[in-house]
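Fold and geometry: a report
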Amino acid sequence: MHAHYGAGGDGGGDRRAPPLPGDAGLYFLGALHELVAVGLHRPALEALCAGQRDLAEPPIDRAYLLKILDEEICRQFGHPLRPLIELVLNAADAARAPQPVVDVAVTDGRVEVSDAGAGMGLRAILSRLLIPFATDKRPGIDLGRFGVGFFSVLGLGLSDPESFSLHVTTGDGVEGWAIRVVAWPSAGDAGSAPASASEELGQARGRASPELTAALMCSVRRIAPLLGTRVRVTSALLETATVRAYLRDALHFFPASRALVLLDGAAVNDGRLISGGQLIQERVAVAPQPPGAAALEARTHLGDALLARFHIGGRGLLPSISAATFHAGVKVDACLALAELALIDFPAAVELTEGRDALKVGPEFTAVATAFYRRLIELAAASGEGRRTRDRLAEMAAQISALMLQSAGWDEVALDLAHALLGPGRCMVTPERREALLGFLGPSVAERLFVPESFWAEREWQPHLPGERELLEDELEIDPPETLSALARRRGDLSGLPLLVARATSPHTTMVALCRSRLQPDRGAGAAARRAPGAPPLPDAPGRRPAGPLPCLGTRRLLLIRDDSAAMRRPSGWSDWYALRAAFDRASGVREADLERDLIVGEPVDGTAFAAPRPGERTSGGEP
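Here's a quick rundown of the structure. Everything numeric here is computed off the predicted structure, so don't read it as measured data.

What counts, and at which threshold
Residues numbered from 1 in each chain as written. Predicted model: local features only at pLDDT ≥ 70, side-chain atom pairs only at ≥ 80, totals over all residues. Heavy atoms only, no water. Pairing = 2+ DSSP bridges. Helix = DSSP H or I, 4+ residues; strand = E, 2+ residues; numbered from the N terminus. Axes fitted to C-alpha atoms, helices over the stretch in contact; angles between N-to-C directions. Phe/Tyr/Trp six-rings, centres within 6.5 Å; stacked < 30°, edge-to-face > 60°. Buried < 20%, exposed > 50% of the residue type's maximum accessible area, 1.4 Å probe, protein only. Lys NZ or Arg CZ within 6 Å of the ring centre and 35° of its normal. Parallel < 35°, antiparallel > 145°, perpendicular 65-115°, else oblique. Contact = heavy atoms within 4.5 Å. Nonpolar A, V, L, I, M, F, W, Y, C, P; charged D, E, K, R; others polar. Core = buried A, V, L, I, M, F, W, Y, C linked by side-chain atoms within 4.5 Å. Polar contact = N/O pair within 3.5 Å; in protein donor to acceptor, adjacent residues only side chain to side chain.

On to the sheet that holds strand 14 (residues 324–327), then. Strand order in the open sheet made by the five strands is 11-12-16-14-15, with mixed pairing throughout. A strand with exactly one partner marks an edge of an open sheet, and here the two such strands are strand 11 (278–285) and strand 15 (330–334). Taking the axes of each pair of neighbouring strands and ignoring which way they run, one obtains an average angle of 25 degrees across the sheet. Bridge analysis of strand 11 against strand 12 (residues 305–312) gives eight bridges, and the strand direction is antiparallel. Each bridged residue has a counterpart across the sheet, and for Q278 the counterpart in strand 12 is I312.

This is the structure:
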């Protein structure tokens, strides 16, 4: 009982070979895509399952079939070893024991995945295993979903056909079957292969990959009954150390309740590869979806909540284990910028993208992301850590949002995170502006600054936190803008202004605003009301923050000058003259390198050359 479909140049053909002597258990021998065609054609499938010798030619467009198979073999995953994970997930789905076990054995050039679960009979092999997207996996419950795991492994055969073979033995307790796939007919299967087979395969390399897909040959044999499935993949591309490292990295966070994964006899997902931290399992409520929605249909198996897992803190004991999101034991994204270990395991109801290398952002995904952020809030509150640690948590949460979670749920929880982690009154400033603001506003304002360390954290927090402009308006009383030359004429009591006028390229067009520290509501609440512009300054009034050492600060709109700064009111000594000169140059946009060079080789830093202009003298800007 033997059907053999030859692989012609167009992927079709009706050539048949006689059955091999004494090989009564051989049910099929020929091109893999021809066996797929049998599975797609019900009369041919029924005839093959019944053991008929001659099968009707399935009326399937071979060119189109090869195109579909090639796409599923070659274009599923970004990582070349990802198909091995699919074998583990299929084994975990098949397992039915209270504590299912999946055995993975790795040797140089070979990976073998075994389970003792529900195997397959011939009908299931033809109608499920060998038909892309024809899966009986249950959405939201089973790990596999697309029905293409078997074909993804065949990609190794197209990358290195000479060393590739795939051998599957499976059975449902009543039957036993062996399927073998190689890159061209081997002597053991078809006697002597055509003399031109290897030459044709070599000529196909570098051309359209459907030609390589057409060269995949398959045999199906009946064997003794067994229960379970064993898949053995052989390829020179399977280097032992690389495969073991990848499997540990991708499977160490796989839920042991679904299956215990043994890699060469040692468990990889029992927690031993992570040190410290806290593992949290949480049922996540999801907002109701419209009836008939796919997400709601997936949740009917899980009740009204999804079970997610978070691991926060600790460290991975392998260099490759970093902060990442997981789905069904597969790492789908990583955040290598984080030193802390933050792992998020999504329930099976969260869908994978068509590329199978990322998760779809939807209601379930967003609900899990939001629950993770709220867990950070709870942990911060329970730990009682200080401001520095909470700022670090805020940094980490924003990076995870940007790099791992695609900003899902961030807008809904960001304000709660800011209140819990950063506290009230905090303003976000960039690292390059921190020192200038501290120098201008004084060191006491440091408690109000939140300085993100990364671009990603800055991007996530920017829409939700007040920034530099709000900080300045809250801390300072700012007079209306005017030109620098006009200010110098109006405020002759500020002895530092003549130096600024002399430094300015065009003081009559340089816009400035005079400012001073604002009365703080918690200090000096009974002090006099805010003074009018031009009135004598109140630099030492109670309830005001002391000014910083730098009297000038450049902003996007204009240059701010503090009239309560000692260097501006009564400059004395080298340090005050340096502060005036350096602060004004920086605020005016002078490059740091040019500023330092001017201080070294330019005119002396003192006040003798910048005395107040005598009546009738003109400034460098041309105004009297």
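Under the defined criterion, the tally for this structure stands at ten aromatic pairs. Between F450 and W461, the ring centres sit 6.3 Å apart and the planes meet at 80 degrees, which makes this aromatic pair edge-to-face. Here F450, found in strand 18 (residues 449–450), pairs with W461, found in helix 17 (residues 455–461); they are eleven residues apart in sequence, far enough to count as distant. Neither residue differs from the other here; F450 and W461 are each classed as buried. Taken together, the aromatic side chains of F310, F372, Y373, W410, F450 and W461 make up a single cluster linked through ring pairs. In this structure, R309 is placed above the aromatic ring of F253, and the distance from its NZ or CZ to the ring centre is 4.2 Å. Taking the ring centre of F440 as reference, the NZ or CZ of R562 above it sits at 5.6 Å.

Between helix 16 (residues 431–441) and helix 18 (residues 468–475), the shortest axis-to-axis distance is 12 Å and the interhelical angle comes to 5 degrees. With respect to helix 18, the element helix 16 is oriented roughly parallel. Where helix 16 approaches helix 18, its residues R433, L437 and L441 are matched on the opposing element by E468, L471, L472 and E475. Split by residue class, the contact of helix 16 with helix 18 holds four nonpolar, no polar and three charged.

For the rest of this paragraph, the subject is the environment of A397. Note on placement: A397 falls in helix 14 (residues 387–403). Since its relative accessible area comes to 0%, A397 is described here as buried. Separated by 17 residues in the primary sequence, A397 and A414 have C-alpha atoms spaced 9.3 Å apart. Contact partners of A397, with chain neighbours within four places excluded, come to Y373, L376, W410 and L417.

Here is a general trend for soluble globular proteins: nonpolar side chains tend to be buried in one another's company. Formed by 122 residues in total, the largest nonpolar core has its most connected members in V104, L154, L166, V181, L247 and W461. Broken down by element, the residue count for this core peaks at ten residues, all from helix 13 (residues 363–383). When neighbours within four sequence positions are excluded, V181 is seen to be in contact with L32, F150, L154, F164, S165, L166, L216, M217 and C218. Core analysis: the next-biggest nonpolar cluster, separate from the first, contains 19 residues, A504, L559, L580 and A583 among them.

Take the side chain of R516 next. The residue R516 is located in strand 21 (residues 511–517) in this model. Taking the relative accessible area as the measure of exposure, R516 reaches 3% and is therefore buried. A polar side-chain atom of R516 sits 3.0 Å from a polar atom in the side chain of D563.

Non-glycine residue D264 carries a positive phi angle of around 55 degrees. Inspection of the secondary structure puts D264 in the loop between strand 8 (260–263) and strand 9 (266–267). Even without being glycine, A328 reaches a positive phi, approximately 55 degrees. Tracing the sequence through the fold places A328 in the loop between strand 14 and strand 15. Among the residues examined, A328 registers a relative accessible area of 8% and is labelled buried.

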